[in-house]
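One letter stands for each residue in the lines below.
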Amino acid sequence: MSGMPAVAPDQPDEGNLNMHDHVDPETLEVRRLAYLARVRDIVAEHGWMIQAVMGGDGEPGFAYTVGLAKYNHPEFIVFALHPDTAQSVLNGVGEQVRDHENFVPGRYTTILGNDMPAHLVRCDPAETAKRLTVARVIHGGPVDALQIVWPDKERRFPWESGYELGDVQPILGTVPA
């Protein structure tokens, strides 16, 4: 495999392409199809890619994988990390999936590095449909996803008492017990 899958922070998520209302619909459709063709090429070459989505209107930015479903594995999504960090984390789990690691919901210390814990939460299908739009289009239908939830500096998670980071990570599935 040559190089790492690309992240496209300057490209709008397929579901948000109408943010360019001043562009005529035909031009917008040409751009959308060209972008999806580029995504397919990246996934064919690297096995997956990272789709970054900018935050706004009180919503944090996020990034997710596109292509891991071809390994019979859920895609991954992570919120509120710097794009370079999100790309590193998501490419790291993508490499592990490619090497036959099968992630399931639960606590891990191998995702973020430095023995920093992370939780994987199975995403609700409605949330996945709403947020992982490029993956849904590329795979031709609904996709399963696992959310990578990271802790605050005291290693507390959003569902734990004393968590210091507020609402930067909306939890897209059932909170761990």
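Here the structure is a predicted model, which means the values were calculated and not measured.

### Describing the pairing of strand β3 (residues 75-79)
- Counting buried positions along β3 yields 5 of 5 residues, so the element is predominantly enclosed.
- Here 3 bridges tie strand β2 (residues 62-66) to β3, and the two strands are oriented antiparallel to one another. Bridged to Tyr64 within β3 is Ile77.
- Across 4 bridges, β3 lies against strand β6 (residues 145-149) in parallel orientation. The residue of β6 that forms the bridge with Val78 is Ile148.

### Here we look at the sheet that holds β2
- Read from one edge of the open sheet, 6 strands run β1-β2-β3-β6-β5-β4, paired in mixed fashion. Only two strands of the sheet have a single partner each, and these edge strands are β1 (49-53) and β4 (106-108). Going across the sheet, the axis of each strand differs from the next one's by a mean of 25 degrees, ignoring polarity.
- Alignment of strand β5 (residues 118-122) against β6, held across 4 bridges, turns out to be antiparallel. Within the sheet, the bridge partner assigned to His119 lies in β6 and is Val149.
- Packing of helix α1 (residues 25-46) onto the sheet brings it into contact with β1 and β2, and relative to β1 it is tilted by some 140 degrees.
- Running over the sheet, helix α2 (residues 83-98) touches β1, β2, β3 and β6 and is turned about 160 degrees from β3.

### Focus: the nonpolar core
- If you look at the biggest cluster of nonpolar residues, it comprises 20 residues, and the most contacted ones within it are Val39, Met49, Tyr64, Val66, Ile77, Leu132 and Val134.
- Elements supplying a minimum of two residues to this core: α1, β1, β2, β3 and α4 (133-139).
- The leading source of residues in this core is α1, at 5 residues.
- Among the nonpolar cores identified, the runner-up in size contains 19 residues, and Ile50, Val97, Phe103 and Ala118 belong to it.

### A look at α1
- End to end, α1 covers 31 Å across 22 residues, agreeing with the expected 32 Å (1.5 Å per residue, within 8%).
- When we look at burial in α1, the residues that qualify are Leu28, Arg32, Tyr35, Leu36, Val39, Ile42, Val43 and His46. The buried residues of α1 occupy one face: seen down the axis, they fall within an arc of 120 degrees. With respect to the buried face of α1, the exposed residues turned more than 90 degrees away are Glu26, Val30, Asp41 and Ala44.
- Contacts made by the buried residues of α1 are with β1, β2 and α4.
- Two or three places before Glu26, at the opening of α1, Asp24 has a side-chain oxygen 3.2 Å from that residue's backbone nitrogen.

What counts as what
Residues numbered from 1 in each chain as written. Predicted model: local features only at pLDDT ≥ 70, side-chain atom pairs only at ≥ 80, totals over all residues. Heavy atoms only, no water. Buried < 20%, exposed > 50% of the residue type's maximum accessible area, 1.4 Å probe, protein only. Helix = DSSP H or I, 4+ residues; strand = E, 2+ residues; numbered from the N terminus. Pairing = 2+ DSSP bridges. Axes fitted to C-alpha atoms, helices over the stretch in contact; angles between N-to-C directions. Contact = heavy atoms within 4.5 Å. Core = buried A, V, L, I, M, F, W, Y, C linked by side-chain atoms within 4.5 Å. Expected span 1.5 Å × (residues − 1). Arc of directions from axis to C-beta. Polar contact = N/O pair within 3.5 Å; in protein donor to acceptor, adjacent residues only side chain to side chain.

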